[in-house]
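Take a look at the letters that make up each chain.
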Amino acid sequence: APKKEDMPLGIGTGSLTGTVARGLSRLLSVNTERDCQCEAAAIFVAYALGLPCFAFQPNSLEGAALVIDSMREESSAIEECKIQGQLDYLATDVGLLKVLMWLIAPVAMESGKYPQLISSDPREARVFLSR
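I will try to describe carefully the structure that is included in this document. Note that the coordinates shown come from a computational prediction; the quantities given were computed from them, not determined experimentally. (Residues numbered from 1 in each chain as written. Predicted model: local features only at pLDDT ≥ 70, side-chain atom pairs only at ≥ 80, totals over all residues. Heavy atoms only, no water.)

Overview of the overall build of the protein
Item 1. Helix and strand counts for the protein stand at five helices and zero strands.
Item 2. For the protein, the α and β elements follow one another from N to C terminus as α-α-α-α-α.
Item 3. Across the 131 residues in the protein, those meeting the buried criterion constitute 27%.
Item 4. Here the contacts in the protein between residues at least 6 apart in sequence split such that 59% fall between residues at least 24 apart.
Item 5. Carbon and sulfur atoms make up 62% of the accessible area of the protein, which amounts to about 8,800 Å² in all. (Helix = DSSP H or I, 4+ residues; strand = E, 2+ residues; numbered from the N terminus. Buried < 20%, exposed > 50% of the residue type's maximum accessible area, 1.4 Å probe, protein only. Contact = heavy atoms within 4.5 Å. Areas by Shrake-Rupley, 256 points an atom, 1.4 Å probe, with all protein chains shown as cover.)

Quick notes on the packing of aromatic side chains
Geometry of an aromatic ring pair is reported as the spacing of the ring centres plus the angle between the planes.
Item 1. Within this structure, the stated rule accounts for zero aromatic pairs.
Item 2. Directly above the ring of Y114 sits R34, whose terminal nitrogen or CZ lies 3.7 Å from the centroid. (Phe/Tyr/Trp six-rings, centres within 6.5 Å; stacked < 30°, edge-to-face > 60°. Lys NZ or Arg CZ within 6 Å of the ring centre and 35° of its normal.)

Here's the deal with the pattern of salt bridges
If the charged atoms of two oppositely charged side chains come close together, the side chains can form a pair.
Item 1. According to the stated counting rule, one finds two salt bridges in the structure shown.
Item 2. Ionic pairing is found between E110 and R34, a salt bridge with its closest N-O pair at 3.1 Å. In this pair, E110 is assigned in helix α4 (residues 93-113) and R34 in helix α2 (residues 32-49), connecting sequence segments 76 residues apart. Exposure class is identical for E110 and R34. Each is buried.
Item 3. The shortest N-O distance in the salt bridge between D121 and R123 comes to 2.9 Å.
Item 4. By relative accessible area, D121 is classed as buried at 19%.
Item 5. The class of R123 is partly exposed, set by a relative accessible area of 48%. (Salt bridge = Lys/Arg side-chain N within 4 Å of Asp/Glu carboxyl O.)

Quick word on α2
Note that an α-helix has 3.6 residues per turn; residues three or four places apart therefore point the same way.
Item 1. End to end, α2 covers 26 Å across 18 residues, agreeing with the expected 26 Å (1.5 Å per residue, within 8%).
Item 2. Residues of α2 that are buried: R34, Q37, C38, A41, A42, V45 and A46. The arc that holds every buried residue of α2, seen down its axis, measures 165°, which confines them to one face. The exposed set on the far side of α2, more than 90 degrees from its buried face, consists of T32, E33, F44 and Y47.
Item 3. In this fold, the buried residues of α2 make contact with α4.
Item 4. Just downstream of α2 lies G50, where phi reads positive at about 85°. (Expected span 1.5 Å × (residues − 1). Arc of directions from axis to C-beta.)

A look at a nonpolar patch on the surface
Item 1. Taken together, the side chains of I68, M71 and Y89 make up a nonpolar region of the molecular surface, amounting to roughly 240 Å² of accessible area.
Item 2. Looking at where M71 falls in the secondary structure, it is placed in helix α3 (residues 60-76).
Item 3. With relative accessibility at 33%, the residue M71 sits in the partly exposed group. (Patch = residues over 30% accessible without salt bridge, like charges linked within 9 Å, V, L, I, M, F, W, Y side chains within 5 Å.)

Function cannot be inferred from these measures alone, as they are strictly geometric.
See below:
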């Protein structure tokens, strides 16, 4: 009989089965409390950083749209007549860090409370940076 170490794709070690089981648990599990905690973390961080608060799970597309909108508002605003509450210019190092913190807040909350990420996605920050 062949040894487990000699099998292709890690067959026999249980790694493939573990990956499939984790993926299915992420797809099929519904935990409203966990989802709400992730969204609450994102809303709190957005509010604390002065970003517009959204009532949904943060994603890279919304983060990119937020940065683009801030660029449009900055270019069309007249310095003397800035409207109070206008979105800060986010196409700076500090602005991008604010958006990244907003994107990663659900991941930080969930990884601090639970051993496995189900409701949040750490890849959102990487996708945002690639946009």
